[in-house]
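Structural features, examined
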Amino acid sequence: VDAHCHFDQPTSDGSVMADDFESGPRSAAFGGTTTVIPFACQQKGQSLRAAVDDYHQRADGKSVIDYAFHLIVTDPNPQVLGQELPALIREGYTSFKIYTTYDDLKLNDREIIEVLALAKREGALTMIHAENSDAIAWLTEALERAGQTAPQFHADARPPIAEREATHRAISLAEIVDVPMLVVHVSGGEAMEQIAHARSKGLRVFAETCPQYILLTRDDLDLDGFEGAKHICSPPPRDAQSQESVWRGLANGTFQVFSSDHAPFKYDSSTGKKLRGEGASFLHVPNGIPGVETRLPLLFSEGVGKGRISLNQFVALTATNPARLYGLYPRKGTITIGADADITIWDPEREVTITNAQLHHNVDYTPYEGRRVTGWPETVLQRGEVLVRDGALCAEKGQGQFLTCGVPDTAM
Ligand code: DUC
Ligand code: ZN
Ligand code: ZN
């Protein structure tokens, strides 16, 4: 279960996501993933219901694997809070993401509280993108004044302290409301300390991390020419010490979920990373990196293969826990009588050198080009039927089912 990926999501800057609901889920399947939970994102001023209808149209008849939707709530007006969101939660959209950054997405603290209170009333799970927007804006302006606009400065504009502060604040708001909450794409030790402290007090704060935070560092934003733009995502990759912190958090239970945050933009494209050309400020580079196909092989190889996490933890982080937290369990996330028989048969010995040419997404690069991994999905089944075997897709476009989600299980 890849519980965090973006497909065919319209943007406000004119960039275009390279993967839609055909290529994204296809790529996921080849990487051993049988369920994806992408986002249906409300635009400010738009009805949430209209956003959901729009994403259903985008997805209809396309996905080769099963999919659910998280909502993204950007405009919690009385209509949304009073009617649309409660109705949608009851219809099976039981999780939604909110932002503390990006002008077109962010909520203020009062709005966050209102949304958290609604999540408590209706039994939904709030996912939060935690970075301090005003600090980022101030730092970005200072960097731009100093002419420091190359991709590497993206990391300076969004430092760990900005993430730590917003994480602390979000946790405090959830504590005031007394409701569970999940912090997405946590990048390193500073934010993790806030989460671990909250959990040690018994708060139901959950956390997700992603491949980029165990495998990339800010040095990957500092490549020749504009190449660093390939690794611009938010929060940015940090440093080697952060990677170690994240590994510890995967092993010790600070993290419950490991997702890709697949946010696919082509590199060599005027609708992708080069939207404003090669000399553009980091500020104008679309945010996000691909990874829906490489998520499981990377965690297996680096985590299980190198003894950092157990095989059971690998399964919990990538399937069971996201299925439980997002109300898809026990249909998904376990092998048991009555469940869906979504099974990935793994070859733990197979050695693969990752190259973009062998991947099935529609992006023209992978951040993991040339990386050697041991272990790869051999056969992938959905509902007992073969989806992928011997590197070939054995399924029809559109055979994936839309999943409604039940009540989040936050007893973990
Ligand atoms: N947040 C995401 O969840 N994905 C891509 C970029 C971002 O800021
Ligand atoms: Zn985010
Ligand atoms: Zn994301």
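Our structure's up above, just so we're on the same page.
The following paragraphs examine the structure supplied in this document. (Residues numbered from 1 in each chain as written. Chains lettered and ligands numbered in written order. Predicted model: local features only at pLDDT ≥ 70, side-chain atom pairs only at ≥ 80, totals over all residues. Heavy atoms only, no water.)

Some details on the nonpolar core
Core analysis: the biggest nonpolar cluster contains 117 residues, and Leu71, Leu85, Phe96 and Leu250 have the highest contact counts within it. Here this core gets six residues from one element, more than from any other, and that element is helix α7 (residues 160-177). Not counting residues up to four positions away in its chain, the partners in contact with leucine 250 are Thr209, Ile214, Phe255, Phe258, Leu299, Ile309, Gln313 and Leu317. (Core = buried A, V, L, I, M, F, W, Y, C linked by side-chain atoms within 4.5 Å. Buried < 20%, exposed > 50% of the residue type's maximum accessible area, 1.4 Å probe, protein only. Helix = DSSP H or I, 4+ residues; strand = E, 2+ residues; numbered from the N terminus. Contact = heavy atoms within 4.5 Å.)

As for the site of ligand 1
Near ligand 1 you find His4, His6, Lys97, Tyr102, His129, His185, Ser234, Asp261, Ala263 and Asn287, and these make up its full shell. Within the side chain of histidine 6, one N or O atom sits 3.1 Å away from a nitrogen atom of ligand 1. One of the side-chain N or O atoms of tyrosine 102 is found 2.5 Å from an oxygen atom in ligand 1. In isolation ligand 1 exposes 240 Å². Once the protein is present, 94% of that is buried. Structurally, ligand 1 is housed in the largest pocket. Of the residues assigned to the shell around ligand 1, the class counts are two nonpolar, six polar and two charged. (Near = heavy atom within 4 Å. Polar contact = N/O pair within 3.5 Å; in protein donor to acceptor, adjacent residues only side chain to side chain. Areas by Shrake-Rupley, 256 points an atom, 1.4 Å probe, with all protein chains shown as cover. 1 Å grid on protein atoms, 1.4 Å probe; cavity = no way out; pocket = protein on both sides within 12 Å on 5 of 7 lines; lining within 4 Å. Sits in = over half its atoms within 2 Å of the grid points. Nonpolar A, V, L, I, M, F, W, Y, C, P; charged D, E, K, R; others polar.)

What to know about the coordination of the zinc ion (ligand 2)
Within the protein, Lys97 (NZ), His129 (ND1) and His185 (NE2) serve as the donor atoms for the zinc ion (ligand 2), at 2.1 to 2.2 Å. Between the zinc ion (ligand 2) and the zinc ion (ligand 3), a spacing of 4.3 Å is present. Residue lysine 97 is located in strand β5 (residues 95-99), and its partner histidine 129 is located in strand β6 (residues 125-129); the two are separated by 32 residues in the primary sequence. Accessibility assignment for this pair places lysine 97 and histidine 129 in one class, buried. (Donors = N, O, S within 2.8 Å, 3.2 Å for Na, K, Ca; no water.)

A word on the layout of surface pockets
By volume, the largest pocket amounts to about 1,200 Å³. In terms of lining, the largest pocket is formed by 50 residues, of which the most central are Ser12, Tyr102, Asp104, Leu105 and Asn287. A per-element tally of the lining of the largest pocket places helix α5 (residues 133-145) first, with seven residues. Split by residue class, the lining of the largest pocket holds 20 nonpolar, 18 polar and 12 charged. (Points joined across faces, edges and corners; volume = space filled by probe spheres on them.)

Topic: helix α1 (residues 23-30)
Burial of α1 is extensive: seven of the eight residues sit out of reach of the surface. Within α1, burial applies to Ser23, Gly24, Pro25, Ser27, Ala28, Ala29 and Phe30. For α1, the elements touching its buried residues are β2 (35-41), β11 (372-382), β12 (385-389) and β13 (392-393). The first or second residue beyond α1 is glycine 32, which carries a positive phi of 95°.

Description of unusual backbone geometry
Cis geometry marks the peptide bond from serine 234 to proline 235, where omega comes out at -10°. Within the element layout of this structure, proline 235 appears in the loop between α9 (212-215) and α10 (240-252). Note the cis peptide between tyrosine 329 and proline 330, where omega equals 5°. For proline 330, the position within the fold is in the loop between α12 (311-325) and β10 (343-353). Its identity as a non-glycine residue notwithstanding, aspartate 8 has a phi of 50°, on the positive side. Structurally, aspartate 8 is set in the loop between β1 (2-5) and α1. Phi is positive for alanine 341, close to 55°, though the residue is something other than glycine. As for its placement among the helices and strands, alanine 341 is situated in the loop between α12 and β10.

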